[in-house]
Amino acid sequence: MKIHGIETGRVKVTERWRKGEGKGIKRLLNAVFDKKMTAWLPIHVWIIEHPEGLIVIDTGIPSDANKPRYFPPYMPLLQRAAVFDVSPEDEIGPQIRRLGLNPDDVRWVVLTHLHQDHDGGLHHFPNAEIVVSQDEWNFASGFKGRMNGYLNQRWPRRFSPTLVDFQETAFGPFASHAKLTHAGDVTLVPTPGHSPGHLSVFLNEGDTTIMFAGDTSYTERHLVQLMADGVGTDIVAEIETHRKILAYAAENPTVYLPSHDPDALQRLADRAIIKMQE
């Protein structure tokens, strides 16, 4: 199998967005009104050339991501706290074609969650089976979803994903999981916290596991130090997810690939496993 990591543009967020401070609504307000911004962070997506078909994990964001007409009235506050830099050539469709692959041939698109920088490239995959967790779909759909910050009005027409039915059997320290491939080497695992229905993708390479982690944390350092972000829906769940990931990695050498970690592509190339705190 071959794995491609693609940077589909960049994003800046406030420092307290990436590393939260406070509790409840104060935590979110700290993230939104913080004046200190991060450096540009990548928006990574991942492609697995699997014997059973091409697998895409997350789809990035469209090049018109900053245009206010797509956002509910309260969203300018969030727009100020999260600024995107994406050109049409950065989008996932053109980048896949530059790899010599065809978006029309993708078998599965797995969305770790339904925030706009992860589902914004769905229109590039008209033939793929789109996979989303049931909990994420329930939280993100309809008017309630828009009020929760999901830009579901931008989803493609007739968007009808396959909703993951997690089996209540353990996968390491995780209580449930679902197999994506018939070979059983690609596993979907619920990793809630950043969003209620967040999932991650585990690829078994034999001696090493590759974990496509979405926004479970912004960097590997944030994971190891149990740092929750400032905009997640459940701090307790997010930290518990971190603990389970670290427990899994203690037993299974794991390459950890969050969506916005500047070091993720190099870790993938080197197969550099999670460095635990000493």
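The shown structure was predicted, so the numbers you read here are calculated from the model rather than taken from an experiment.

Some points on the sheet that holds strand S8 (residues 178-179)
An order of S8-S9-S10-S11-S12 is seen for the five strands of this open sheet, with the pairing classed as mixed. With one partner strand each, in any of the chains shown, S8 and strand S12 (254-258) form the two edges of the open sheet. This element, helix H9 (residues 235-251), spans strand S10 (199-204), strand S11 (209-214) and S12 of the sheet and lies at about 150 degrees to S12.

Regarding unusual backbone geometry
Residue Arg158 is not a glycine yet carries a positive backbone phi of 60 degrees. Residue position: Arg158 is located in the loop between helix H7 (142-147) and strand S7 (162-164). Taking relative accessible area as the criterion, Arg158 reaches 79% and is therefore assigned exposed. Of note in the backbone geometry, Arg271 takes a positive phi value of approximately 50 degrees without being a glycine. We classify Arg271 as partly exposed; its relative accessible area is 33%.

Quick word on a nonpolar patch on the surface
The grouping of Ile25, Leu28, Leu29 and Phe33 at the surface amounts to a nonpolar patch, some 380 Å² of accessible area in total. Locating Ile25 in the fold gives a position in helix H2 (residues 24-33). The class for Ile25 is exposed, based on a relative accessible area of 61%.

Digging into the environment of Ala264
Turning to its location among the elements, Ala264 is positioned in helix H10 (residues 264-270). Once residues lying within four places of it in the same chain are set aside, the contact partners of Ala264 are His44, Trp46, Leu257 and Pro258.

Remarks on the sheet that holds strand S3 (residues 53-57)
Taken in spatial order, the seven strands make up an open sheet running S4-S1-S2-S3-S5-S6-S7, and their pairing is mixed. With one partner strand each, in any of the chains shown, strand S4 (82-85) and S7 form the two edges of the open sheet. Within this sheet the neighbouring strands show an average axis-to-axis angle of 30 degrees, counted without direction. Here five bridges tie strand S2 (residues 41-50) to S3, and the two strands are oriented antiparallel to one another. In the strand pairing of S3, Trp46 is matched with Ile57.

Quick notes on the layout of surface pockets
When its volume is computed, the largest pocket comes out at roughly 890 Å³. What lines the largest pocket is a set of 40 residues, among which Trp17, Leu28, Leu78, Asn148 and Val231 lie closest to the centre. For the lining of the largest pocket, the element with the highest residue contribution is H2, accounting for six residues. In this structure, the second largest pocket occupies an estimated 200 Å³ of space. Surrounding the second largest pocket, Leu122, His123, Phe125, Pro126, Ala128, Glu129, Ile130, Pro156, Arg158, Phe159, Ser160 and Pro161 form its lining.

Comments concerning the pattern of salt bridges
Summed over all chains, the structure comprises seven salt bridges. When the shortest N-O distance is used, the salt bridge between Asp85 and Arg10 registers 2.6 Å. Of this pair, Asp85 sits in strand S4 while Arg10 sits in strand S1 (residues 2-13), placing them 75 residues apart in sequence. Of the residues examined, Arg10 reaches a relative accessible area of 29% and is grouped as partly exposed. Here the salt bridges do not stand alone but share partners, grouping Glu220, Asp261 and Arg267 into one network.

Here's the deal with the packing of aromatic side chains
Within this structure, the stated rule accounts for nine aromatic pairs. Ring plane angle 75 degrees and centroid distance 5.6 Å describe the contact between Trp137 and Phe159, whose orientation is recorded as edge-to-face. Here the residue Trp137 occupies a position in helix H6 (residues 134-140), and Phe159 occupies one in the loop between H7 and S7, the gap between them amounting to 22 residues. Phe159 sits in the buried class, given a relative accessible area of 15%. With a centroid separation of 5.4 Å and an interplanar angle of 15 degrees, the aromatic rings of Phe171 and Tyr248 are classed as stacked. With Phe171 in the loop between S7 and S8 and Tyr248 in helix H9, the pair connects residues that are 77 residues apart, well separated along the chain. By relative accessible area, Tyr248 is classed as buried at 7%. Members of the aromatic cluster, connected to one another through ring pairs, are Phe171, Phe174, Phe202 and Tyr248.

Criteria and thresholds
- Once a new chain begins, its residue numbering starts again from 1 and follows that chain's sequence as written.
- Reporting in this predicted model follows two pLDDT cut-offs: at least 70 for local features of residues, and 80 or more for side-chain atom pairs to be given and counted; totals over whole chains, interfaces and linings ignore these cut-offs and use all residues.
- Water and hydrogen atoms were dropped before computing side-chain values, which therefore reflect all heavy atoms in the structure.
- Think of it this way: DSSP has to see at least two bridges between two strands before they count as a pair.
- Starting at the N terminus, helices and strands are each numbered in turn, a helix being any DSSP run of H or I of at least four residues and a strand any DSSP run of E of at least two.
- Note on definitions: a residue-residue contact is assigned when non-hydrogen atoms from the two residues lie within 4.5 Å.
- In this description, a line fitted to the C-alpha atoms serves as the axis of each element, helices being fitted only across the stretch in contact, and the angle between N-to-C directions of two axes falls anywhere from 0 to 180 degrees.
- Burial classes: relative accessible area under 20% of the type maximum marks a residue as buried, over 50% as exposed, and values in between as partly exposed (1.4 Å probe, protein chains only).
- For patch building, the residue pool is restricted to those with more than 30% relative accessible area and no salt bridge; the joining distance is 9 Å between like charges and 5 Å between nonpolar side chains (Val, Leu, Ile, Met, Phe, Trp, Tyr).
- The protein chains shown are the only cover counted for residues, whose accessible areas, like all others here, come from Shrake-Rupley with a 1.4 Å probe.
- A pair is scored as a salt bridge if a Lys or Arg side-chain nitrogen falls within 4 Å of a carboxyl oxygen belonging to Asp or Glu.
- Cavities and pockets were defined on a 1 Å grid built from protein atoms only: a cavity is a group of points that admits a 1.4 Å probe but offers it no way out, a pocket is an open group of points flanked by protein on both sides within 12 Å along at least five of seven lines, and a lining residue is one with an atom within 4 Å of any such point.
- Grid points are joined across faces, edges and corners, and a volume is the space filled by probe spheres set on the points.
- Pairing of aromatic side chains here covers Phe, Tyr and the six-membered ring of Trp, requires ring centres within 6.5 Å, and sorts the geometry by plane angle: under 30 degrees stacked, over 60 edge-to-face, intermediate tilted.

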